[in-house]
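Structural overview for review
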Amino acid sequence: MNVLVVGGAGYIGSHAALALKRHGYEPVIYDNLGAGHAVLAQGFELIVGDISDAGKLAPILGRVDAVMHFAAHAYVGESVINPRKYFQNNVLDGVTLLNAVLDSKVRKFIFSSSCAVYGVPAKVPMTEDLPRVPVNPYGVTKLIFEQALEAYGPAYGLGYMNLRYFNAAGADESGTIGEMHTPETHLIPSAFEAIRGQRPALEVFGDKYPTPDGTCVRDYIHVTDLAEAHVLALEYLAGGISQAVNLGTGHGHSVREILSAIKRVTGREVPSRMAPPRAGDPPELVADPTRAEHLLHWKAKRSLDEIVATAWKWDERMRMAKK
Ligand code: UFG
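Residues numbered from 1 in each chain as written. Predicted model: local features only at pLDDT ≥ 70, side-chain atom pairs only at ≥ 80, totals over all residues. Heavy atoms only, no water.

1. Examining the packing of helix α1 (residues 11-22) against helix α7 (residues 223-236)
The line we're drawing: Where helices are involved, their axes are fitted lines through C-alpha atoms of the stretch in contact, as for all axes, and angles between N-to-C directions lie from 0 to 180°. Secondary structure follows DSSP: runs of H or I at least 4 residues long count as helices, runs of E at least 2 residues long count as strands, and numbering of each begins at the N terminus. We call two directions roughly parallel when the angle between them is under 35 degrees, roughly antiparallel when it is over 145, roughly perpendicular when it lies between 65 and 115, and oblique otherwise. Here a crossing is taken to be left-handed if its near helix is turned anticlockwise relative to the far helix by less than a right angle, and right-handed if that turn runs clockwise. When checking whether two residues touch, look at their non-hydrogen atoms; a contact exists if any pair is within 4.5 Å. Three categories are distinguished: nonpolar for Ala, Val, Leu, Ile, Met, Phe, Trp, Tyr, Cys and Pro, charged for Asp, Glu, Lys and Arg, and polar for the others, with Gly belonging to the last.
Viewed as axis vectors pointing N to C, α1 and α7 meet at an angle of 60°, and their least axial separation amounts to 8 Å. It follows from the interaxial angle that α1 and α7 lie oblique. Between α1 and α7 lies a crossing of right-handed hand. For the pair α1 and α7, the contacting residues are Y11, I12, H15, A16, A19 and L20 in the first and V223, T224, L226, A227, E228, V231 and L234 in the second. Of the residues contributing to the contact of α1 with α7, the split by class is 10 nonpolar, 2 polar and 1 charged.

2. Description of the domain arrangement of the protein chain
Definition in use: In this entry, domain limits derive from an automatic or database-based domain assignment. Buried area: the sum, over both parts, of the accessible surface (1.4 Å probe) that disappears when the two are put together. When a carboxyl oxygen of Asp or Glu is within 4 Å of a side-chain nitrogen of Lys or Arg, the pair counts as a salt bridge.
Domain annotation of the protein chain identifies domain 1 (2-169 + 220-247) and domain 2 (187-218 + 250-295 + 302-321). Of note, the centres of domain 1 and domain 2, computed from C-alpha atoms alone, are 24 Å apart. Of the residues lining the interface, 26 residues belong to domain 1; the matching set on domain 2 comes to 21 residues. Buried area between domain 1 and domain 2, both sides added, is near 2100 Å², and the carbon and sulfur share of it is 66%. Counting across the domain 1 and domain 2 interface gives 3 salt bridges.

3. Thoughts on unusual backbone geometry
Residues V124 and P125 are joined by a peptide bond in cis, for which omega reads -5°. By secondary structure assignment, the location of P125 is in the loop between β5 (108-114) and α5 (137-156). Along the chain, T182 connects to P183 via a cis peptide bond; the corresponding omega equals -5°. Within the secondary structure, P183 is located in the loop between β7 (167-169) and α6 (187-195). One non-glycine residue with positive phi stands out, namely L33, at about 60°.

4. Remarks on the nonpolar core
Note the following rule: By nonpolar core we mean a set of buried residues, namely Ala, Val, Leu, Ile, Met, Phe, Trp, Tyr and Cys, connected to one another through side-chain atoms within 4.5 Å. Here's how the labels work: a residue is buried when its accessible area is under 20% of the maximum for its type, exposed when over 50%, partly exposed in between, all with a 1.4 Å probe on protein chains only.
Residues M161 and L247 are the most contacted members of the largest nonpolar core, which totals 42 residues. Of all elements in the fold, only β1 (2-6), α1, β4 (66-69), β6 (159-165), α7, β11 (243-247), α9 (290-296) and α10 (304-322) reach the threshold of two or more residues within this core. The dominant element in this core, judged by the number of residues it contributes, is α7, at 8 residues. Looking at this core, you find at least three residues from each of domain 1 (2-169 + 220-247) and domain 2 (187-218 + 250-295 + 302-321). If we ignore the near neighbours within four places in the chain, the residues touching M161 are F109, I110, F111, A233, Y236, L237, I241, S242, Q243, V245 and L296. V28, I51, L61 and V101 belong to the second largest nonpolar core, which has 25 residues in total.

5. Here's the deal with helix α2 (residues 54-61)
Where we set the bar: Here the arc refers to the directions that run from the helix axis out to each C-beta atom.
Every buried residue belonging to α2 is among L57, I60 and L61, and all of these are buried. Seen along its axis, α2 keeps its buried residues to an arc of 95°; they face one direction. For α2, exposure combined with an orientation more than 90 degrees from the buried face picks out G55 and P59. Buried residues along α2 sit against β1, β2 (26-31), β3 (45-48), β4 and α4 (83-102).

6. Re the side chain of H222
We apply this condition: Here a polar contact means two N or O atoms within 3.5 Å. Within protein one must be a hydrogen donor candidate and the other an acceptor candidate, and residues neighboring in sequence count only if both atoms are side-chain atoms.
Relative to the helices and strands, H222 resides in strand β10 (residues 220-222). Using a relative accessible area of 1% as the deciding quantity, one classes H222 as buried. In this structure the side chain of H222 is engaged in a polar contact, spanning 3.1 Å, whose partner is the side chain of T310. Beyond its immediate stretch of four places on either side in the chain, H222 contacts A169, G170, A171, E173, R302, E306, I307 and T310.

7. Some thoughts on the packing of helix α8 (residues 255-266) against α10
Look at α8 against α10: their axes get within 9 Å of each other, and the N-to-C directions meet at 65°. Note that α8 runs across α10; the crossing there is right-handed. Residue-level contacts link I258, A261, I262, R264, V265 and T266 of α8 to L304, D305, V308, A309 and W312 of α10. Taken together, the residues of the contact of α8 with α10 sort by class into 8 nonpolar, 1 polar and 2 charged.

Written out as structure tokens, the structure is:
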């Protein structure tokens, strides 16, 4: 089966392409390389194009059986400062892609959604039926796209899955692909920058949250576990009912716990300092992964230490490559 991996030269998309290949699928990567990197698409057919380019997409969609869509801007803070960029790409251009899919024979669509659609959750661990009340423009754009799929699905016979990721982290065990964001804002790679002296210290955003140690709690999920869930979601769509699924481990870790895990795994202390809370950060986001277990027969397999170890291996490799 041929699968178009839109945004497949990005962090999560490249891991999904690799998981598809490992399971015998033939992924084709489509990416405008705006935030993606050709190096992450090595070994795959890479078509450089934009999701707003329906003319370019049409012939490619004619030779695939399913679409996975990862091509979105994903910085919460930036979405507050520059919402236009987010509504343009994540909503308007995303719907252009969706309409191009409808104009083809493809009827399977996997969407890269986010736990950001819930906003500050009414309860933790979080089930899929919680109210969706996003608290930033990024989350709003993800919610709008989910709603477009919910309308298009029954109207046009489009099978879809809204996969709501918690905190993707780590890198493929091979050390060949991993996280490459500019600028880097995610906790683990930012902590590595502090270890390497590329920033003075890791700023811990707030320590007065109502959590056991006062710092924010997140559900860190290994990107390879996440990628494997996409393959299972695609298989599920062969006869299953279109719906949303949370992808997380069901276990939360505080910022301080992550810094301790980094020390345990790498042997290096993360230089850190306290900083004010970051706007829009909910205290605790942890998935209830029961639906993923039942529907997809999927469970996160990789531990926090494996997340840190693979991320560190990838970071070392990138550092060597730059020398
Ligand atoms: N954090 C710090 N210091 C840093 C970076 C992060 O203390 O330098 C903290 C944050 O406050 C947060 C946790 O570490 O509590 C994780 O932060 P990340 O930036 O790594 O991840 P987010 O939880 O902010 O974002 C992730 C995805 C988004 C998605 C969001 C949903 O990257 O795409 O989860 O809440 F929208």
